[in-house]
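Reading the structure
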Amino acid sequence: MAIGPIQFLAVGFPEFQVGKGILAALRRATESGAIRLIDLQFIGKDQSGKLTTMEMSGLSPDEAAEFGSVIGGLLDAGAASRGGAVEGTLSASLAAVESSYGLGLGDIQAVAEGIRPGSAAGLLVIEHTWAIEFADAVGQAGGKMAAQG
């Protein structure tokens, strides 16, 4: 299975209000084939400080077992056991996130802890599926990835 570049994104909402435009934009990006949603973890904190989480993934059960459920597992939201994603897969995913993005478990948990009452955050892991063909062409031409950011 060819895999495109994986990217971790974090977005914050200082005064969160539910907006349908966010999910619609994400849906359009996935339906167009530009990206694949590996994992999305939404974390909201009400005025009393209670955390509410929601997880989404665009992966089939087989893909989930292969990729793991990175964000939910990192935040210990119970998502690591979903769809047969085994602990070893999650550990490999965590290692990939740490080496590729400079984020450790403590950094991601700090996001959840740092959310002020009445605000929210979204943590996403996406695959740039548009780049698979490009990466294959670069490899066939003898090229190699030199850097990414």
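What counts and how
Residues numbered from 1 in each chain as written. Predicted model: local features only at pLDDT ≥ 70, side-chain atom pairs only at ≥ 80, totals over all residues. Heavy atoms only, no water. Helix = DSSP H or I, 4+ residues; strand = E, 2+ residues; numbered from the N terminus. Buried < 20%, exposed > 50% of the residue type's maximum accessible area, 1.4 Å probe, protein only. Contact = heavy atoms within 4.5 Å. Areas by Shrake-Rupley, 256 points an atom, 1.4 Å probe, with all protein chains shown as cover. Pairing = 2+ DSSP bridges. Salt bridge = Lys/Arg side-chain N within 4 Å of Asp/Glu carboxyl O. pLDDT = per-residue confidence, 0-100. 1 Å grid on protein atoms, 1.4 Å probe; cavity = no way out; pocket = protein on both sides within 12 Å on 5 of 7 lines; lining within 4 Å. Points joined across faces, edges and corners; volume = space filled by probe spheres on them. Nonpolar A, V, L, I, M, F, W, Y, C, P; charged D, E, K, R; others polar. Core = buried A, V, L, I, M, F, W, Y, C linked by side-chain atoms within 4.5 Å.

Bringing the overall build of the protein into the picture now. The helix and strand inventory of the protein stands at six helices and four strands. Considering the protein as a whole, with its 149 residues, one finds that 33% of them fall into the buried category. Counted over contacts in the protein with a minimum sequence separation of 6, partners at least 24 positions apart contribute 68%. For the protein, the accessible area works out to roughly 8,700 Å², and carbon and sulfur atoms hold 57% of it.

This paragraph deals with the side chain of His128. Looking at where His128 falls in the secondary structure, it is placed in the loop between strand E4 (120–127) and helix H6 (131–140). The buried category is assigned to His128, whose relative accessible area is 17%. If we skip the residues at most four places from it in the chain, His128 touches Gly4, Pro5, Gln7, Ala34 and Ile35.

Sheet topology note: the strand E2 (residues 36–45)/strand E3 (residues 51–56) ladder contains six bridges and is antiparallel. The partner of Gly44 across the bridge, within E3, is Thr52. Taking the residues that link successive antiparallel strands as the turn, the E2-E3 hairpin has five residues, and the phi of Gly49 there is positive, at about 95 degrees.

Attention now moves to the pattern of salt bridges. Counted under the stated rule, the structure contains one salt bridge. The salt bridge involving Arg36 is made with Glu127; its shortest N-O contact spans 2.6 Å. Separated by 91 residues along the polypeptide, Arg36 in strand E2 and Glu127 in strand E4 bring together distant segments of the chain. Side by side, Arg36 and Glu127 carry an identical accessibility label, which is buried.

For the protein, the mean per-residue pLDDT works out to 74, and 67% of the residues sit at or above 70. Taking the mean pLDDT of every element in the protein, the minimum, 47, falls on helix H3 (residues 70–74) and the maximum, 90, on helix H1 (residues 20–31). This model gives residues 74–90 a pLDDT under 50, and the stretch forms 39 contacts once residues within four places in sequence are excluded.

Here we take up the environment of Gln47. Along the chain, the position of Gln47 falls in the loop between E2 and E3. Taking C-alpha positions, Gln47 is 4.6 Å from Pro117, a pair spaced 70 residues apart along the chain.

What the second largest pocket holds in volume is close to 390 Å³. Around the second largest pocket, the lining is made up of 17 residues, and of these Phe13, Ile22, Leu23, Leu40 and Phe42 lie nearest the centre. Mapped by element, the contributors of at least two residues to the lining of the second largest pocket are strand E1 (6–13), H1, E2 and E4. Within the lining of the second largest pocket, the residues separate by chemical class into 14 nonpolar, two polar and one charged.

Another aspect to go through is the nonpolar core. Phe8, Ile38, Ile43, Leu59, Ala112, Ile115, Ala121, Leu123 and Val125 form the largest nonpolar core, which has nine residues in total. Counting only elements with at least two residues in this core, the list comes to E2 and E4. With three residues, the single largest contributor to this core is E4. Core analysis: the next-biggest nonpolar cluster, separate from the first, contains eight residues, Leu37, Leu40, Phe42 and Ala120 among them.

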